[in-house]
Amino acid sequence: MIHVSLPNGSVIKVERDATILDAARVIGPRLAQAAVAGVVDGDLRDLREKLTGDCQLTILTAGSGEGLEVLRHTTSHILAQAVKRRFPETKLGIGPAVEDGFYYDFDREQPFSEDDLAVIVEEMKAIVAADLPIERILLSKQEAGKRLELQDEPYKLELLDELPGDTATSFQQGEFSDLCRGPHLQSTGQVSADAIRLTSVAGAYWRGDEHRPMLQRIYGTAWWKASELDEYLERIEAIKARDHRRLIRDLDLVSFHEEAGAGLAYWHPHGGRMRVLIEDYWRKRHFEGGYEIVFTPHIGRARLWETSGHLDFYKDGMYAPMDIDGQEYYLKPMNCPFHVMIYKSQTRSYRELPLRWAELGTVYRYERSGTLHGLLRVRGFTQDDAHIICTPEQIDDEILRVLDFSLSLLRGFGFEEFKIELSVRDPSRPEKYAGEDAMWEAAEGSLIKAITARDLPYERMEGEAVFYGPKIDIKIRDALHRTWQCTTIQFDFNIPGRFEMTYVGEDGLDHRPYMVHRALLGSLERFYALLVEHYGGAFPVWLAPVQTVLIPISDRHLPFAKDVEARMRSCGVRVELDASSERMNGKIRNAQLRKIPYMMVIGDREQESDTVSVRLRTGEDLGAQPVEDVIERIRRLNESRSTSLT
RNA sequence: GCCAGCGUAGCUCAAUCGGUAGAGCAACUGAUUUGUAAUCAGUGGGUUGUCAGUUCGAUUCUGGCCGCUGGCUCCA
């Protein structure tokens with residue numbers, strides 16, 4: 001007998017080699033029936049796996065959040081079974097659960113159409129209705145190989161070959177079996193037929209390798225209850241409503257033009273106003289933070305990019321060169337070499353360091369056409385770039401300073417939750433990286449020191465470092481709990497050497513400075529898209545392109561309204577007067593749809609008392625307010641960058 | 001770049017089994033002067049993304065290109 005500890009602290013005894021399902025039966029028959037998987041000493045396991053020794057066991061049941069992964073994985077098998085029934089010539093790839101759903105990759109001559117998906121779903125529902133028991137079969141690899149050859153599943157055979165150990169598991173439901181690690185539900189009937197949905201079909205390279213065949217990936221989602229599926233679909237709708245691509249058009253902020261080139265953004269007046277507000281705040285913070293601001297050209301001679309190494313590593317991502325007086329010039333994909341030019345314009349002393357040079361530098365990168373996506377991925381964008389050039393002794397302080405600065409700046413834009421990633425070398429492949437081991441270790445040390453000094457949780461990403469140095473990335477979490485990478489703080493062991501950057505030390509000798517490359521907002525275009533989606537277009541007062549619309553009740557209030565408009569504008573309020581022939585209700589509606597923070601109604605009463613009646617975009621009515629008070633309120637909210645309207 | 005889908009007025013969409021297109025909103029004009037999410041009436045607006053091909057005839061069918069969408073790959 002072995003001892004199995006349960007989450008409530010009690011311990012049960014079961015036979016050695018009893019299955020997890022057996023243990024569940026000991027706890028209670030109803031639990032066993034609802035069981036979908038077990039967690040043994042923290043690892044998710046299939047119910048049919050054996051317990052070989054004393055352990056901690058949690059039984060996951062249908063309906064539980066943790067069990068969803070199992071449900072979705074099983075649903076992906078049901079999808080595969082349905083596809084094999086309706087399209088027997090199809091070859092199977094892999095079919096895992098993913099966030100919010102699952103997919104299965106198939107190889108089939110003819111692509112799956114929308115109509116095919118409908119047919120497949122029908123078959124899936126039949127499989128669920130049949131309530132087929134799901135069996136877990138332990139096989140020798142040899143036996144498993146034979147079966148797969150018989151089934152003519154080349155992709156599965158490839159996976160089997162690479163499986164460690166001598167055994168493999170296969171899951172069988174009805175006539176369908178699939179090489180799979182599991183875990184799975186006990187039967188197909190545990191899936192709710194009315195809570196599954198196939199969402200899309202897309203191409204996906206076999207094993208993520210673009211040199212391998214492209215399979216067809218069918219995406220789907222599955223939930224325990226239809227109501228959960230509905231909630232999920234509603235959430236997707238909510239995300240769509242905030243999609244910046246829709247909002248930048250509806251709110252007349254930014255546009256793209258087919259005839260002018262893909263991935264190139266046009267900022268309209270209101271988008272432009274916001275951009276100026278963002279940039280002004282950014283500049284103010286940078287001056288306060290000890291940075292100097294520099295400006296550099298958009299193009300530079302090929303020689304610069306040869307020296308920097310960009311032409312070696314990233315030529316494909318650069319726009320083609322142009323011939324100027326027999327010299328090759330490239331559009332800049334990065335700002336660093338230009339900042340190096342400024343550094344090298346004179347002999348530098350250790351007394352000048354650290355230098356912190358920032359630039360809102362517009363760069364152009366030839367992104368592959370399929371990767372372009374609204375403002376989130378464009379070909380011409382402005383980096384809020386800076387280079388910190390310092391001595392090795394100063395590096396710890398500088399890193400900590402950048403980290404603090406970045407978090408503070410992002411908070412200034414209304415983001416509160418962050419995720420920090422430390423990207424370091426792949427320890428098994430040192431040859432992939434520039435710079436000496438000692439430098440890498442020291443650099444990693446300073447990065448960790450900074451993160452731990454602020455007691456921030458972080459994730460270590462092995463092998464995610466860039467070839468020229470380790471880095472810290474900061475991701476922000478937006479109002480919809482999605483994470484987006486913004487800040488990157490990168491050591492650069494490549495550039496200082498390639499450009500032979502030096503400073504004269506206390507000892508009168510030349511030394512090589514350390515260089516840190518950092519972008520905090522990342523790209524302004526991208527960051528702007530995040531702001532638009534984070535606020536759903538309802539911007540805080542300090543960012544709103546139009547802060548208030550004045551709504552005169554009738555034309556006889558126009559002179560007073562114009563006077564209020566002029567007073568507000570002279571105080572820096574971004575104000576518009578709606579002098580159209582709409583009725584007041586119509587004017588309010590128009591302002592509301594534009595998500596303008598304040599609507600200020602002006603009629604007889606207001607005109608007599610030098611007030612405006614303030615309606616918030618939330619629908620709240622603040623009643624009549626003296627004009628001076630309203631101006632003061634907006635001024636105060638500008639200053640605090642508060643998201644409140646009052 | 002790859003796979004799939006899509007491209008009709010500024011926006012959202014309709015129509016044409018191949019016979020050159022229509023609505024709502026927006027715009028414009030006129031009337032209306034209104035108290036917290038749509039005042040009424042009228043007018044203009046499209047070489048149906050683009051270039052070829054098939055056809056008596058193409059917006060509809062075929063192909064190239066451009067762009068967009070969902071993925072994959074990529075992201076210094």
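Residues numbered from 1 in each chain as written. Chains lettered and ligands numbered in written order. Predicted model: local features only at pLDDT ≥ 70, side-chain atom pairs only at ≥ 80, totals over all residues. Heavy atoms only, no water.

## What to know about the overall build of chain A
Next, step 1: Looking only at helices and strands, one finds 20 helices and 33 strands in chain A.
Next, step 2: For chain A, the spread of C-alpha atoms along the three principal axes comes to 85 × 75 × 55 Å.
Next, step 3: For chain A, the proportion of its 646 residues judged to be buried stands at 51%.
Next, step 4: With an accessible surface of roughly 30500 Å², chain A has 48% of that area assigned to carbon and sulfur atoms. (Helix = DSSP H or I, 4+ residues; strand = E, 2+ residues; numbered from the N terminus. Buried < 20%, exposed > 50% of the residue type's maximum accessible area, 1.4 Å probe, protein only. Areas by Shrake-Rupley, 256 points an atom, 1.4 Å probe, with all protein chains shown as cover.)

## Digging into the pattern of salt bridges
Next, step 1: Scanning the entire structure with this criterion turns up 51 salt bridges.
Next, step 2: Note that Arg45 and Glu49 form a salt bridge whose closest N and O atoms lie 4.0 Å from each other.
Next, step 3: Taking the relative accessible area as the measure of exposure, Arg45 reaches 26% and is therefore partly exposed.
Next, step 4: Between Lys84 and Glu153 there is a salt bridge; the shortest N-O distance is 2.8 Å. Here the residue Lys84 occupies a position in helix H3 (residues 68-86), and Glu153 occupies one in the loop between helix H5 (141-151) and helix H6 (154-161), the gap between them amounting to 69 residues.
Next, step 5: A cluster of three or more residues bridged by salt bridges with shared partners is formed by Arg275, Glu279, Asp280, Arg283 and Glu525. (Salt bridge = Lys/Arg side-chain N within 4 Å of Asp/Glu carboxyl O.)

## Re the pairing of strand S23 (residues 458-462)
Next, step 1: The pairing of strand S22 (residues 417-424) with S23 spans five bridges and is classified as parallel. Counted as the bridge partner of Glu421 is Glu459 from S23.
Next, step 2: Considered for its hand, the β-α-β crossover made up of S22, helix H14 (residues 437-453) and S23 is right-handed. (Pairing = 2+ DSSP bridges. Right-handed = clockwise from strand over helix to strand, strands pointing away.)

## Digging into the protein's contact with RNA strand B
Next, step 1: In the vicinity of RNA strand B lie 56 residues, with Tyr205, Met214, Ser369, Glu582 and Glu606 positioned nearest.
Next, step 2: Sugar plus phosphate, as a fraction of atoms of RNA strand B within 4 Å of the protein: 49%.
Next, step 3: Within the side chain of Arg368, one N or O atom sits 3.1 Å away from a base oxygen of RNA strand B.
Next, step 4: Contact between RNA strand B and Gly370: a base nitrogen at 3.2 Å from a main-chain N or O atom of the residue.
Next, step 5: Contributing elements (two or more residues each) for the surface near RNA strand B: strand S12 (196-205), strand S13 (214-222), helix H8 (244-250), helix H11 (310-314), helix H18 (584-593), helix H19 (604-609) and strand S32 (611-616).
Next, step 6: Element by element, the count of residues in the surface near RNA strand B is highest for H18, at seven residues.
Next, step 7: When grouped by side-chain class, the residues that make up the surface near RNA strand B number 20 nonpolar, 17 polar and 19 charged. (Near = heavy atom within 4 Å. Polar contact = N/O pair within 3.5 Å; in protein donor to acceptor, adjacent residues only side chain to side chain. Nonpolar A, V, L, I, M, F, W, Y, C, P; charged D, E, K, R; others polar.)

## Comments concerning helix H9 (residues 269-288)
Next, step 1: Over its 20 residues, H9 runs 28 Å from end to end, which matches the ideal 28 Å to within 8%, given 1.5 Å per residue.
Next, step 2: Buried within H9 are the following residues: His270, Gly271, Met274, Arg275, Leu277, Ile278, Glu279, Tyr281, Trp282, Arg285 and His286.
Next, step 3: At the C-terminal side of H9, Gly290 shows a positive phi close to 85°. (Expected span 1.5 Å × (residues − 1).)

## Focus: the sheet that holds strand S2 (residues 11-14)
Paired through backbone hydrogen bonds, the strands of a sheet run either parallel or antiparallel to each other.
Next, step 1: Read from one edge to the other, the open sheet built from five strands follows the order S2-S1-S5-S3-S4, with strand pairing classed as mixed. On the outer flanks of this sheet lie S2 and strand S4 (43-45), each paired with one strand and no other. Ignoring strand direction, the axes of neighbouring strands in this sheet form an average angle of 35°.
Next, step 2: Relative to strand S5 (residues 55-61), strand S3 (residues 35-40) runs antiparallel, the two being bridged by five bridges. Among the inter-strand pairings, Val40 is bridged to a residue of S5, identified as Leu57. (Axes fitted to C-alpha atoms, helices over the stretch in contact; angles between N-to-C directions.)

## What about the layout of surface pockets?
Where empty space is left can be seen by rolling a probe of water-molecule size over the atoms.
Next, step 1: Estimates place the volume of the largest pocket at around 980 Å³.
Next, step 2: Looking at the largest pocket, it is lined by 31 residues, and the ones nearest its centre are Met334, Arg365, Glu367, Phe381 and Gln383.
Next, step 3: Mapped onto the lining of the largest pocket, the elements with two or more residues apiece are H11, strand S21 (380-390), strand S25 (483-491) and strand S28 (514-523).
Next, step 4: In the lining of the largest pocket, the residues fall into 14 nonpolar, 10 polar and seven charged.
Next, step 5: Three or more residues apiece are contributed to the lining of the largest pocket by two domains, here domain 3 (256-296 + 335-535) and domain 4 (299-334).
Next, step 6: Secondary structure elements with two or more residues in the lining of the second largest pocket: S4, H3, strand S9 (134-140), H6, strand S10 (167-173) and strand S11 (176-179).
Next, step 7: Examining the composition of the lining of the second largest pocket, we find that four residues originate from one element, H3, more than from any other.
Next, step 8: Of the residues in the lining of the second largest pocket, the class split is 15 nonpolar, six polar and 10 charged.
Next, step 9: Each of domain 1 (2-61) and domain 2 (68-240) accounts for three or more of the residues forming the lining of the second largest pocket. (1 Å grid on protein atoms, 1.4 Å probe; cavity = no way out; pocket = protein on both sides within 12 Å on 5 of 7 lines; lining within 4 Å. Points joined across faces, edges and corners; volume = space filled by probe spheres on them. Domains from an automatic or database assignment.)

## Looking at helix H13 (residues 395-412)
An α-helix turns once per 3.6 residues; consequently, residues spaced three or four apart project the same way.
Next, step 1: Between its terminal C-alpha atoms H13 stretches 25 Å, which fits the 26 Å expected from 18 residues at 1.5 Å a residue.
Next, step 2: Along H13, the positions that sit buried rather than exposed are Ile395, Glu398, Ile399, Val402, Leu403, Phe405, Ser406, Leu407, Leu409, Leu410 and Gly412.
Next, step 3: Just downstream of H13 lies Gly414, where phi reads positive at about 100°.

## Brief notes about the confidence of the model for chain A
Next, step 1: Across chain A, the average pLDDT comes to 94, with 100% of residues at 70 or higher.
Next, step 2: Scored as a complex, the prediction yields pTM 0.94 and ipTM 0.95. (pLDDT = per-residue confidence, 0-100.)

## Regarding the domain arrangement of chain A
Next, step 1: What the domain assignment lists for chain A is domain 1 (2-61), domain 2 (68-240), domain 3 (256-296 + 335-535), domain 4 (299-334) and domain 5 (548-640).
Next, step 2: The C-alpha centroid of domain 4 is placed 21 Å from the C-alpha centroid of domain 3.
Next, step 3: The interface is formed by 22 residues belonging to domain 3 together with 19 residues belonging to domain 4.
Next, step 4: Summing both sides of the interface, domain 3 and domain 4 together bury roughly 1700 Å²; the carbon and sulfur share of this comes to 64%.
Next, step 5: On the domain 3 side of the contact with domain 4, Phe338, Tyr364 and Arg498 bury the most area, a combined 34% of that side's loss.
Next, step 6: Linking domain 3 to domain 4 there are one salt bridge.
Next, step 7: Salt-bridge contacts for Glu359 lead to Lys332; the nearest nitrogen and oxygen are separated by 3.5 Å.
Next, step 8: Counting across the domain 3 and domain 4 interface gives seven residue pairs in polar contact (both at pLDDT 80 or more).
Next, step 9: At the level of elements, helix H12 (336-343), strand S20 (355-364) and helix H15 (495-498) are the ones that each hand at least two residues to the side of domain 3 that touches domain 4. (Contact = heavy atoms within 4.5 Å. Buried area = accessible area lost by both parts, 1.4 Å probe.)

## Overview of empty space enclosed by the protein
Next, step 1: Enumeration over the complete set of coordinates arrives at two cavities of 30 Å³ or more.
Next, step 2: The space that makes up the largest cavity amounts to roughly 90 Å³.
Next, step 3: Contributing to the lining of the largest cavity are 13 residues, with His310, Met334, Tyr468, Asp492 and Asn494 lying nearest its centre.
Next, step 4: If you tally residues by element for the lining of the largest cavity, the top one is H11, at three residues.
Next, step 5: A class-by-class count of the residues in the lining of the largest cavity yields seven nonpolar, five polar and one charged.
Next, step 6: When its volume is computed, the second largest cavity comes out at roughly 60 Å³.
Next, step 7: Lining the second largest cavity, in full, are Leu139, Ala144, Arg147, Leu148, Gln151, Ser170, Ser177, Asp178 and Leu179.
Next, step 8: When contributions to the lining of the second largest cavity are tallied by element, the ones reaching two or more residues are H5 and S11.

## What about unusual backbone geometry?
Next, step 1: A cis geometry characterises the amide bond from Gly182 onward to Pro183, with omega recorded as -5°.
Next, step 2: With an omega of 0°, the peptide bond running from Leu353 to Pro354 counts as cis.
Next, step 3: With respect to the helices and strands, Pro354 occurs in the loop between H12 and S20.

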